[in-house]
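Letter by letter, the chains look like this.
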Amino acid sequence: MDANTLKKQLNQAPPAPIYLVLGTQSVIQDEVKTTFMNLIPQEQRVMNVGNYDLEEENLADAMDDAMSAPFFGERRLVILNKPAFLTTSSKKSRVKQNPDLLKNYLEKPQRSTILVLMAPYEKLDGRKSVVRALKKNAVLVDTSPLKEPQARQLIAQQASDDGYQLMPEALDELVQRTNADYSLMKANLTKLELLAIDSHQITKEQVSGLVPQTLDNNIFDLVSAVLQREQDRALSLYRQLLDGDHQPLQINAVLISQFRLLLQLKILSGRGLSQGTLAKKLNVHPYRVKLGLQTVRRFSLLDLINAYLGLIRTERALKGSSRSPELLFQLFMLQYQQKKNV
């Protein structure tokens, strides 16, 4: 289940004895932890909430806590953070944990305890018997990074719940400027609500003025101008990046990275791979894949290859020439323009 389903379920029924919260989206992990904390009245938390960092603390202490009866309350909440011993990670923890302690508890959990494992990982090591037992006995809460439609829906709902109207074009701009990263969208929504506290209406102009574009986002506009052979616009965008204190080699490296991705998407999508498969195979955020696929459909493989090779030559020139970066970029655009009909 996802975080919202968990919240609804806990409002309607008693909690299960064991939960596994698995996924790398930190802001959702924090939301889920807050949801569990709210099950314990504020005045009881000192005595009835145990919070253990298993990279620093001993699992045995946490299991003893989980087996204890609640103190003047209905429930005890025990949270096991970062149980790296359940993964394939080669990173050595300060404390060597005994997985059998958890495995034994799973066979006979304390009914008055809610045991929550906060696992900020993509996956656990399914070869381990304790992991198999955990998946059998625990309720799984998915906190994987959200796809764009889910992120959009949650941010729009959050704004509405807070009493704000997030205009559709403002939401589009927020998605574009954050690459549909839910954590960034949520953090910026808080700032936007403060900005719009009088009108309670969040506009595209407010998003544009408040939410900074990443270098990748600025580069995406530049890539579009290059592919469309809009020399004046491309040069103007390049100058803006230089004025923003970005180094020429850094700009060129990100351009090369973007065109490499477009080439990969052009070739692999031609083989019938889906958007989700491409994102996983290339280890790229699904929103970047979505934008990239929209781009490659409009340009030939030869267009992409010529731009990519031209940028490789520009990189060599930047490293071995005294000519200005702006001039070298202009030469790249002229040479690319000449290859239009080749």
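The name given to the protein chain in an unreviewed UniProt entry is DNA polymerase III subunit delta, and the organism recorded there is Candidatus Limosilactobacillus merdigallinarum. The annotation that UniProt attaches to the protein chain under Catalytic activity (unreviewed entry) is "DNA(n) + a 2'-deoxyribonucleoside 5'-triphosphate = DNA(n+1) + diphosphate". The UniProt entry for the protein chain carries this comment under Sequence similarities (unreviewed entry): "Belongs to the DNA polymerase HolA subunit family."

Q: Give a detailed account of the sheet that holds strand E3 (residues 76-81), specifying residues and quantitative values.
A: A sheet is described by the order of its strands in space; here five strands give the open sequence E2-E3-E4-E1-E5, paired in parallel fashion. This sheet does not close on itself; its edge strands, each paired only once, are strand E2 (49-53) and strand E5 (139-142). Mean inter-strand twist for the sheet, computed between neighbouring axes without regard to direction, equals 15 degrees. Both strand E1 (residues 18-22) and E5 contribute to a ladder of four bridges, which runs parallel. Residue pairing in the sheet places Tyr 19 in a bridge with Val 139 of E5.

Q: Please provide a residue-by-residue account of helix H4 (residues 59-67), values included.
A: All of the buried residues in H4 are Leu 59, Ala 62, Met 63, Asp 65 and Ala 66. The arc that holds every buried residue of H4, seen down its axis, measures 155 degrees, which confines them to one face. Contact partners of the buried residues in H4: E2, E3, helix H5 (99-107) and strand E4 (113-119). For H4, the capping residue at the N-terminal end is Asn 58, with a side-chain oxygen 2.9 Å from the backbone nitrogen of Ala 60.

Q: Any details on the UniProt feature "domain: DNA polymerase III delta subunit-like C-terminal" (unreviewed entry) in the protein chain? Residues and values, ideally.
A: UniProt's entry tags residues 216-336 with the feature "domain: DNA polymerase III delta subunit-like C-terminal" (unreviewed entry), counted in the numbering of this structure. Across residues 216-336, helical content stands at 81% and strand content at 0%; the span's end C-alpha atoms are separated by 22 Å.

Q: Go over the pattern of salt bridges with me, naming the residues and quoting the values.
A: Two side chains bearing opposite charge may form a pair once their charged atoms approach each other closely. Counted under the stated rule, the structure contains 13 salt bridges. A salt bridge links Lys 186 to Glu 31, with the shortest nitrogen-to-oxygen separation between them at 2.3 Å. Taken together, the residues Lys 186 in helix H9 (residues 182-195) and Glu 31 in helix H2 (residues 26-37) connect sequence positions 155 residues apart. Residue Lys 186 is classed as partly exposed on the basis of its relative accessible area of 22%. Residue classification places Glu 31 among the partly exposed residues on the basis of a relative accessible area of 22%. For Asp 125, the salt bridge is made with Arg 127, and the minimal N-O distance between the two is 2.9 Å. A relative accessible area of 8% places Asp 125 in the buried class. Within the structure, one salt-bridge network assembled from shared partners comprises Glu 148, Arg 152, Asp 172 and Lys 290.

What counts and what doesn't
- Residues numbered from 1 in each chain as written.
- Predicted model: local features only at pLDDT ≥ 70, side-chain atom pairs only at ≥ 80, totals over all residues.
- Heavy atoms only, no water.
- UniProt positions renumbered as here; feature names shortened; annotations may be inferred.
- Pairing = 2+ DSSP bridges.
- Helix = DSSP H or I, 4+ residues; strand = E, 2+ residues; numbered from the N terminus.
- Axes fitted to C-alpha atoms, helices over the stretch in contact; angles between N-to-C directions.
- Buried < 20%, exposed > 50% of the residue type's maximum accessible area, 1.4 Å probe, protein only.
- Arc of directions from axis to C-beta.
- Contact = heavy atoms within 4.5 Å.
- Polar contact = N/O pair within 3.5 Å; in protein donor to acceptor, adjacent residues only side chain to side chain.
- Salt bridge = Lys/Arg side-chain N within 4 Å of Asp/Glu carboxyl O.

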